[in-house]
Amino acid sequence: MGENIFLNIASWIRGLLDSIGVPLLASDIIMMIVKASAIIVFISLNVIWLVLMERKISAYIQCRIGPNRVGPKGTLQTVADVIKLMTKEFLIPRSADKVIYLLAPLVVFAPPTLAFAVVPWGDGMAAIDMGIGVFYLIAVTSLSTIIFWMGAWGSGNKYSLVGGMRVVAQMVSYELPLVLALLGVIMITGTLNMSEIVEAQKNVWFIFTQPLAFLIYFIAGVSEANRTPFDLVEAESEIIAGPYTEYSGMGYAMFMLTEYASVLVISIMCTIMFLGGWLAPFGWTFLPSWFWFFLKVYVMIFLFMWIRWTYPRIRVDQLMGFGWKVLVPLSLANIFVTGIGMYVYRSIGW
Amino acid sequence: MAIQTQTYFLNLGPQHPSTHGVFRVILELDGEVVVRAIPVPGYLHRGVEKLAEARTYTQVIPYTDRLDYLANMLMNWGYVEAVEKLMGIEVPERAQYIRVIVGELSRIASHLMAIGSYAGDIGGLTGFLYTFRDRERILDLFEMLTGSRMTVSYFRIGGVADDLPEGFIPLLQKFLADLPGLCDEYDGLITGNEIFQARTKFVGVIPPEKAINYSLSGPNLRGSGVNFDLRKNRPYGIYDRFDFEVPLGKNGDCFDRFVCRMKEMRQSARIIQQALDGLPEGPIQAKVPKVIKPPVGEAYTEIESSKGIFGCYVVSDGSNKPYRVHFRRPSFINLGCLAELCVGWKIADVIAILGSLDIVLGEVDC
């Protein structure tokens, strides 16, 4: 059922373009635009859905009902919220560095959007099947540190500044275990191409051969997405909302939506690197590959939300200590063990 | 090698999500580390003591609700106790028992709020909603009893306003039966959490001598291991008849103060159960003249409120209005050590320390 639904749509559009005599280069460009806008629309809708999902899940965890007034069962709540935020005034504080302050919410959505370009949503369903996909994704997502810092600095507010300093310290130090954890998988597969990494998990998912790497990646991922227990950046009981304190209206909404987009990116990376991407478990291929992909992604997202609404927040020095003294050595040890394992396997001729 | 950087001031409050009201602390920071903390209370000052001078003795009671609005019954109690001492009124047995029941319920409600909001301060918002869910049941009981959830004004000079309504005791029994299970739930969610312990253990340590020197009282004093509870040491009302323990801490850190409150709730439930079992029949109001005119003189009484020793000093000039009323507010006095405790800790710890002192701004600013 619908295994190739998206591929069919793509080839249908291309066929249509060919039949009306569009030159090859132009049709390539048009296909690129179609793919890009499809991804952007998809992320936006997904993020809006995630906000609602978080509110509902947090409500059930906290013995509440959650939004249930706008639309059937409250499903349109986020839409209403976004419309409200759009119509709100965008305040610029007097002490703000105007250019940077205005630029930050404009560009903040770019890094996660760029990341989605190389994601294989299903079998052969990557917008760009890039040879260095993993490398590209890590490089692009780490850009967001600078944008948060822009917002923090541009606001001209001390709470924002403290939040901004935390962003830089936290993101830079957790990038390291994040990348080192992925190295174990890359050593086994010998490729940075995401589709090939997924293919390599045909027999066994890497969560079973690299459990430590998965754990490290997951913890570092929670930190990269700035979520509890590592949500020091926007610790509302300490520094109000960190870098977003001064933002109002759509500027604030952009930061919030970006947070959910980065949760999506981290979950997708977990799925691809450790949970076998679009591969169906137990050979249940009667459901399309993209369905399995999204199922796994949403299970990961649910885990993120579950943790967020259960744990308190750790302190900034504990966070750095945990990152440098626990996660980094552990991930290095994981690489070492993986290397030895591979050497042993090769020498016994597997 | 430490790089010397410029310190800066951060204005924490009066509008801030975790100062528990309109409290302000000016922090001098070196990076994230506090160099100096200057508490600035007073944003909620309403002049309750001065207002009392222009009201009759009975009319003062509703103002006491607004002191520590989270432990409203205990505030009522502190005031009427002083006037009763001034007039030499003997409160009937049944009224005494009802006072203990609602007073301890109030203590549980206050501690539930303290525990929940402390979990919120540390970053776990779910704990906040759990305790609120259960505090609601106490407020429902109060509404049944007085028609009001927060501003109860239930105590009267010489007794209480109304007898327990029909259906009150079964609901209360059910709540008491549930409470230990609920406490276990909070322990599982909040107290036992590794991150929570890492954030609160050995943070904001108050040694016993310092606690006494700063005149701390309530769970803040007992968290430091000083065994002092007015209900045991100088029993007022009928507290000498009940069997309960006074939970003590060891290290005097934020965690011990938190755990003390947790354990006190279970002890309060024990007291309520004993009071319910021994609840006698009889009048709920002593014979008191319509217009209360205490003889010329002064009286000072102290009760153990949920935050510490709540004292009330009343001076009478023989008229129907008090000449002077003064409240010893435990929250305000407990706050005295904040400036010293915060130095050397991080911004996040300032919130943790402030939360562990459990202040109510209505009481601090009076």
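Residues numbered from 1 in each chain as written. Chains lettered and ligands numbered in written order. Predicted model: local features only at pLDDT ≥ 70, side-chain atom pairs only at ≥ 80, totals over all residues. Heavy atoms only, no water.

Visitor: For the overall build of chain B, give the residues involved together with the corresponding values.
Guide: Within chain B, the secondary structure is distributed over 15 helices and eight strands. Over its C-alpha atoms chain B spans a radius of gyration of 21 Å, differing by no more than 12% from the 21 Å that the globule rule assigns to 366 residues. When burial is assessed residue by residue, chain B has 59% of its 366 residues classed as buried. Within chain B, counting contacts between residues at least 6 apart in sequence, those at least 24 apart form 72% of the total. Only carbon and sulfur atoms are counted for the fraction: they give 55% of the accessible area of chain B, which is about 13500 Å². In chain B, which carries 39 positive and 44 negative side-chain charges, the distance between the mean positions of the two groups comes to 4 Å. (Helix = DSSP H or I, 4+ residues; strand = E, 2+ residues; numbered from the N terminus. Rg over C-alpha atoms; globule rule 2.2 N^0.38 Å. Buried < 20%, exposed > 50% of the residue type's maximum accessible area, 1.4 Å probe, protein only. Contact = heavy atoms within 4.5 Å. Areas by Shrake-Rupley, 256 points an atom, 1.4 Å probe, with all protein chains shown as cover. Lys, Arg positive; Asp, Glu negative; His and termini not counted. Charge placed at Lys NZ, Arg CZ, Asp CG, Glu CD.)

Visitor: Describe the overall build of chain A, and please don't skip the residues or the numbers.
Guide: In terms of helices and strands, chain A carries 15 helices and zero strands. Taken over the C-alpha atoms alone, chain A extends approximately 65 × 60 × 45 Å along its principal axes. Within chain A, the proportion of its 350 residues that are buried is 51%. Put simply, of all contacts in chain A between residues at least 6 apart along the chain, 76% involve residues at least 24 apart.

Visitor: Quick one: what's the story with the environment of Leu125 of chain B, residue by residue and with numbers?
Guide: The residue Leu125 of chain B is located in helix H5 (residues 125–146) in this model. The partly exposed category is assigned to Leu125 of chain B, whose relative accessible area is 33%. Distance in space between the C-alpha atoms of Leu125 of chain B and Gly355 of chain B is 14 Å, their sequence separation being 230 residues. Not counting the four nearest positions on each side in its chain, Leu125 of chain B is found in contact with Gln62, Glu236 and Trp309 of chain A together with Gly120 of chain B.

Visitor: Can you explain unusual backbone geometry? Please cite residues and give values.
Guide: Residue and element names in this part refer to chain A. Non-glycine residue Cys63 carries a positive phi angle of around 60 degrees. Among the structural elements, Cys63 can be located in the loop between helix H2 (24–61) and helix H3 (77–87). The exposure class of Cys63 is partly exposed, given its relative accessible area of 42%.

Visitor: Mind laying out the pairing of strand S7 (residues 309–316) of chain B, listing which residues take part and the relevant values?
Guide: All names here are of chain B. For S7, the buried fraction is high: seven of the eight residues fall into the buried class. With eight bridges connecting them, strand S6 (residues 297–304) and S7 associate as antiparallel partners. The residue of S7 that forms the bridge with Thr301 is Cys312. Connecting the antiparallel pair S6 and S7 is a turn made up of four residues, with Gly308 showing a positive phi of about 150 degrees. Two strands pair when backbone bridges link them, and S7 and strand S8 (residues 322–328) are joined in this way by six bridges, in the antiparallel orientation. What sits directly across from Val314, in S8, is Val325. Here S7 hands over to S8 after five residues, with Gly318 in that stretch at a positive phi of 90 degrees. (Pairing = 2+ DSSP bridges.)

Visitor: Can you tell me about the packing of helix H4 (residues 93–122) of chain B against H5 of chain B, naming the residues and giving the values?
Guide: Between two packed helices, both the angle of their axes relative to each other and the distance between the axes serve to describe the pair. All names here are of chain B. Interhelical geometry of H4 versus H5 gives an angle of 160 degrees and a closest axis separation of 8 Å. Taken together, the axis directions place H4 and H5 in an arrangement best described as roughly antiparallel. The handedness of the crossing between H4 and H5 comes out as left-handed. Along its contact with H4, which presents Val102, Leu105, Ser106, Ile108, Ala109, Leu112, Met113, Ile115, Gly116, Ser117, Ala119 and Gly120, the element H5 presents Leu125, Gly127, Phe128, Thr131, Phe132, Asp134, Arg135, Ile138, Leu141, Phe142 and Leu145. In the contact of H4 with H5, the residues fall into 15 nonpolar, six polar and two charged. (Axes fitted to C-alpha atoms, helices over the stretch in contact; angles between N-to-C directions. Parallel < 35°, antiparallel > 145°, perpendicular 65-115°, else oblique. Left-handed = near helix turned anticlockwise from the far one by under 90°. Nonpolar A, V, L, I, M, F, W, Y, C, P; charged D, E, K, R; others polar.)

Visitor: Go over the interface of chain B and chain A, please, and point to the residues and values.
Guide: With 33 residues of chain B at the contact, the number on the chain A side is 25 residues. Where chain B abuts chain A, roughly 2400 Å² becomes buried across the two surfaces, and 59% of that area is made up of carbon and sulfur atoms. Taken as a group, Glu32, Thr126 and Ile195 of chain B account for 20% of the area that chain B buries against chain A, more than any other trio of residues on that side. Inspection of the chain B/chain A interface yields two salt bridges. Where the side of chain B that touches chain A is concerned, the elements lending two or more residues are strand S1 (8–12), H4, H5, helix H7 (194–200) and helix H14 (347–357) of chain B. (Buried area = accessible area lost by both parts, 1.4 Å probe. Salt bridge = Lys/Arg side-chain N within 4 Å of Asp/Glu carboxyl O.)

Visitor: How would you explain a nonpolar patch on the surface if you had to name every residue and give the values?
Guide: Nonpolar side chains collect at one region of the surface, where Phe336, Val337, Ile340, Tyr343, Val344, Tyr345 and Ile348 of chain A lie side by side and expose about 780 Å² of accessible area between them. The residue Phe336 of chain A is located in helix H15 (residues 316–347) in this model. (Patch = residues over 30% accessible without salt bridge, like charges linked within 9 Å, V, L, I, M, F, W, Y side chains within 5 Å.)

Visitor: Report on the packing of helix H11 (residues 211–224) of chain A against H15 of chain A, specifying residues and quantitative values.
Guide: All names here are of chain A. Orientation of H11 relative to H15, taken along the N-to-C sense of each, is 150 degrees, at an axis distance of 10 Å. One finds that H11 runs roughly antiparallel with respect to H15. Our pair here, H11 against H15, has a crossing hand that is left-handed. Where H11 abuts H15, its residues Leu212, Ala213, Ile216 and Ile219 lie against Phe322, Leu327, Leu330, Ser331 and Asn334. Class assignment for the residues of the contact of H11 with H15 results in seven nonpolar, two polar and no charged.

Visitor: Would you mind going over the sheet that holds S1 of chain B in detail, with residue names and values included?
Guide: Residues and elements named next belong to chain B. The three strands lie next to each other as S1-S2-S3, forming an open sheet whose pairing is antiparallel. At either margin of the open sheet sits one strand with a lone partner, and together these are S1 and strand S3 (33–40). Looking at each pair of strands side by side, their axes are set apart by 20 degrees on average, direction ignored. Looking at chain direction, strand S2 (residues 24–30) and S3 are connected through seven bridges and run antiparallel. Bridging from a neighbouring strand, Glu28 pairs with Arg36 of S3. Packing against the sheet, H14 makes contact with S1, S2 and S3, and its axis sits at approximately 35 degrees to S1.

Visitor: Pulling in residues and values, what's your account of H4 of chain B?
Guide: All names here are of chain B. Taking 1.5 Å as the rise per residue, H4 with 30 residues should run 44 Å; its terminal C-alpha atoms sit 43 Å apart, in good agreement. For H4, the tally of buried residues reaches 29 of 30 residues, placing the bulk of the element in the interior. Just downstream of H4 lies Gly123, where phi reads positive at about 120 degrees. (Expected span 1.5 Å × (residues − 1).)

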